[in-house]
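# Observations on the three-dimensional arrangement
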Amino acid sequence: MLPYFVDFYGNPSSMHTFGGNIKHYIRKAREKVAKIINAEPEEILFTSCGTESDNTAIISAMKSAPKKKHIITTRVEHPAVKNMAEHLIKEGMRVTFVPVDNNGRLDLDYLYDSLTDDTSVVSIMWANNETGVIFPIEEISDVLKDKNVIFHTDAVQAVGKVPIDVKKVNVDMLSLSGHKLHAPKGIGALYIRRGTRFSPFMVGGHQEKGRRGGTENVASIIGLGKACELAASHLEDEGSKVKKLRDRLETQILKSIPGSSVNGDINNRLPGTTNISFEYVEGEAILLMLNEYGICASSGSACTSGSLEPSHVLRAMGVPYTSVHGSIRFSLSRYNTEDEIEYILEKIPGIIKRLRNMSPFWQDK
Ligand code: PLP
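Everything numeric here is computed off the predicted structure, so don't read it as measured data.

In this structure, the largest pocket occupies an estimated 1100 Å³ of space. Lining the largest pocket are 48 residues, and of these His 179, Lys 180, Ser 298, Arg 329 and Ser 331 sit closest to its centre. Contributing elements (two or more residues each) for the lining of the largest pocket: helix H4 (50–64), helix H10 (283–292), strand E10 (327–331) and helix H13 (338–358). Grouping the amino acids of the lining of the largest pocket by side-chain chemistry returns 20 nonpolar, 19 polar and nine charged. For the lining of the largest pocket, the two domains that each supply at least three residues are domain 1 (3–233) and domain 2 (235–364).

Structure (structure tokens):
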């Protein structure tokens, strides 16, 4: 990315070659982003983040079918979709939030029964950001194929972690975000299948073939391209090395800490995510203590941290009240090591014990 801040800082829309030549590098980055999901380069729209991609997809789908007033999504979406859907209810749309079971698996019958002639867009995430649970997007796309709805998937958590092939999976739009695959924050992309009705969300200049106004974030686009190229070449590591680390962390925690349990369908998850509940302790307190040891974990999504509300995802899964507040998530990547896992395993039992000693409700068994 550095040369695009320092040497090649021209505006790609300029007539002069200093700026105009940058178009070539943007094209190369677009090809790399397209490749990680087996799309065509012209089907990739650069955005500022996953949230913008999600918002763009939903608003575009609605604008392309203005008479339709119904949207279907799930009860466990990231706020980028969930809060947009709730906002649209205030604007007069009807929204169905499809429920999940105790393991975070989607109720597919509920989804299919909710479809009507009035449905304009179905937006279902590829993988959940809190539990890592993967939804059957290919199966859903087969059912929606002939239904005259736009099918959008928020694949922000999935791209670069599990294989995705839009030639096989019939989604119309797919969101991805740079910072989930080691690209910078503040860059994202939206895949728009060729032939899909599209209406811009950001209206302005002619950039991105008129589909998104605004001067391109060139260095970050280059960074996203490179990150996609690297992530594609490391996909196997995700499935083996990262998964092995996650499984070691998870099994040892369950073994060494009573009253701990994993949230989400353990057979169908992203390789690097684990969401663990510890009964009768506060997740925020665990995070602060882990932080003292230099261990970075989270509860809920980064976009909801700071609020004391329990996670809407875990509540939708019916996680009991005694556990829902004490749930934390570890997200591992190919840059984590076995030593780091052992370090967490050394520290976490003591943390939970200390917190439980302060809890009037916990009686050590
Ligand atoms: N969707 C999911 C599933 C996410 O996990 C995130 C970010 O955590 C987003 C959307 C939003 O992406 P961004 O932070 O790039 O706006």
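Moving on from the coordinates now.
Okay, the sheet that holds strand E8 (residues 260–262) next. Working definition: the strands of a sheet are paired by backbone hydrogen bonds and lie parallel or antiparallel to each other. Spatially, E8-E9-E10 is the arrangement adopted by the three strands of the open sheet, whose pairing is antiparallel. Bordering the open sheet on either side are E8 and E10, each of which pairs with just one other strand. Strand-to-strand twist across the sheet, computed as the mean angle between neighbouring axes with direction ignored, equals 25 degrees. Across five bridges, strand E9 (residues 273–278) lies against E10 in antiparallel orientation. Considered in E10, the bridge of Thr 274 is made with Phe 330. Across the sheet, H10 lies against E9 and E10, angled at about 45 degrees from E10, the strand it touches most.

Core analysis: the biggest nonpolar cluster contains 62 residues, and Ile 37, Trp 126 and Leu 174 have the highest contact counts within it. Elements with a contribution of two residues or more to this core: helix H3 (22–36), strand E1 (44–47), helix H6 (108–114), helix H7 (137–144), strand E6 (173–177), strand E7 (188–192), helix H8 (218–233) and helix H11 (312–316). Among the elements that take part in this core, H8 stands out by supplying eight residues, more than any other. Residue contributions to this core reach at least three from each of two domains, namely domain 1 (3–233) and domain 2 (235–364). Setting aside residues no more than four positions away along its own chain, Trp 126 makes contact with Val 133, Ile 134, Phe 135, Ile 137, Thr 153, Asp 154, Ala 155, Ala 158, Val 162, Ile 164, Val 169 and Leu 174. Among the nonpolar cores identified, the runner-up in size contains 24 residues, and Val 242, Ile 257, Val 262 and Met 289 belong to it.

Applying the stated criterion across every chain, the model contains 15 salt bridges. A salt bridge links Lys 32 to Glu 229; the shortest N-O distance between them is 4.0 Å. Taken together, the positions of Lys 32 in helix H3 and Glu 229 in helix H8 put the pair 197 residues apart, joining distant regions of the chain. On the basis of relative accessible area, Lys 32 is assigned to the partly exposed category, the value being 29%. For Glu 229, a relative accessible area of 34% translates into the label partly exposed. A salt bridge links Arg 105 to Asp 101, with the nearest nitrogen and oxygen atoms 3.0 Å apart.

The local shell around the ligand holds 13 residues, among which Gly 50, Thr 51, Asp 154, Gln 157 and Ser 177 are the closest. Note that an oxygen atom of the ligand is positioned 3.0 Å from one of the side-chain N or O atoms of His 179. Between Lys 180 and the ligand, the recorded distance is 2.9 Å, taken from a side-chain N or O atom to an oxygen atom. Calculation on the ligand without its partners gives an accessible area of 390 Å², and the protein chains cover 92% of this total. Taken atom by atom, the bulk of the ligand overlaps the largest pocket.

A few words on the pairing of strand E5 (residues 150–154). The element E5 is largely enclosed, with a buried count of five among its five residues. Alternating positions in E5 separate into two faces, Ile 150, His 152 and Asp 154 on one and Phe 151 and Thr 153 on the other, with burial throughout. Pairing geometry for strand E4 (residues 119–123) and E5, over three bridges, is parallel. Paired with Val 121 across the bridge in E5 is Ile 150. Pairing of E5 with E6, which is carried by three bridges, proceeds in the parallel orientation. When the bridges of E6 are listed, Thr 153 appears paired with Leu 174.

This brings us to the domain arrangement of the protein chain. According to the domain assignment, the protein chain consists of domain 1 (3–233) and domain 2 (235–364). A separation of 29 Å is found between the C-alpha centroids of domain 1 and domain 2. Of the roughly 2400 Å² buried between domain 1 and domain 2 on both sides combined, carbon and sulfur atoms contribute 58%. Contact with domain 2 buries surface across domain 1, with Glu 130, Thr 131 and His 182 losing the most and accounting together for 29% of the total. Here domain 1 is connected to domain 2 by zero salt bridges. Mapped by element, the contributors of at least two residues to the side of domain 1 that touches domain 2 are helix H5 (79–90) and H8. Ranked by residue count, the leading element in the side of domain 1 that touches domain 2 is H8, at four residues. Considered class by class, the residues forming the side of domain 1 that touches domain 2 number twelve nonpolar, twelve polar and seven charged.

Now for H10. For H10, the full list of buried residues reads Gly 283, Ile 286, Leu 287, Met 289 and Leu 290. Along the long axis of H10, the arc covered by the buried residues comes to 165 degrees, so they all point the same way. In H10, the exposed positions angled more than 90 degrees off the buried face are occupied by Leu 288 and Glu 292. Where H10 is buried, its residues touch E9, E10 and H13.

What counts, and where the lines are drawn
- Residues numbered from 1 in each chain as written.
- Predicted model: local features only at pLDDT ≥ 70, side-chain atom pairs only at ≥ 80, totals over all residues.
- Heavy atoms only, no water.
- 1 Å grid on protein atoms, 1.4 Å probe; cavity = no way out; pocket = protein on both sides within 12 Å on 5 of 7 lines; lining within 4 Å.
- Points joined across faces, edges and corners; volume = space filled by probe spheres on them.
- Helix = DSSP H or I, 4+ residues; strand = E, 2+ residues; numbered from the N terminus.
- Nonpolar A, V, L, I, M, F, W, Y, C, P; charged D, E, K, R; others polar.
- Domains from an automatic or database assignment.
- Pairing = 2+ DSSP bridges.
- Axes fitted to C-alpha atoms, helices over the stretch in contact; angles between N-to-C directions.
- Contact = heavy atoms within 4.5 Å.
- Core = buried A, V, L, I, M, F, W, Y, C linked by side-chain atoms within 4.5 Å.
- Buried < 20%, exposed > 50% of the residue type's maximum accessible area, 1.4 Å probe, protein only.
- Salt bridge = Lys/Arg side-chain N within 4 Å of Asp/Glu carboxyl O.
- Near = heavy atom within 4 Å.
- Polar contact = N/O pair within 3.5 Å; in protein donor to acceptor, adjacent residues only side chain to side chain.
- Areas by Shrake-Rupley, 256 points an atom, 1.4 Å probe, with all protein chains shown as cover.
- Sits in = over half its atoms within 2 Å of the grid points.
- Buried area = accessible area lost by both parts, 1.4 Å probe.
- Arc of directions from axis to C-beta.

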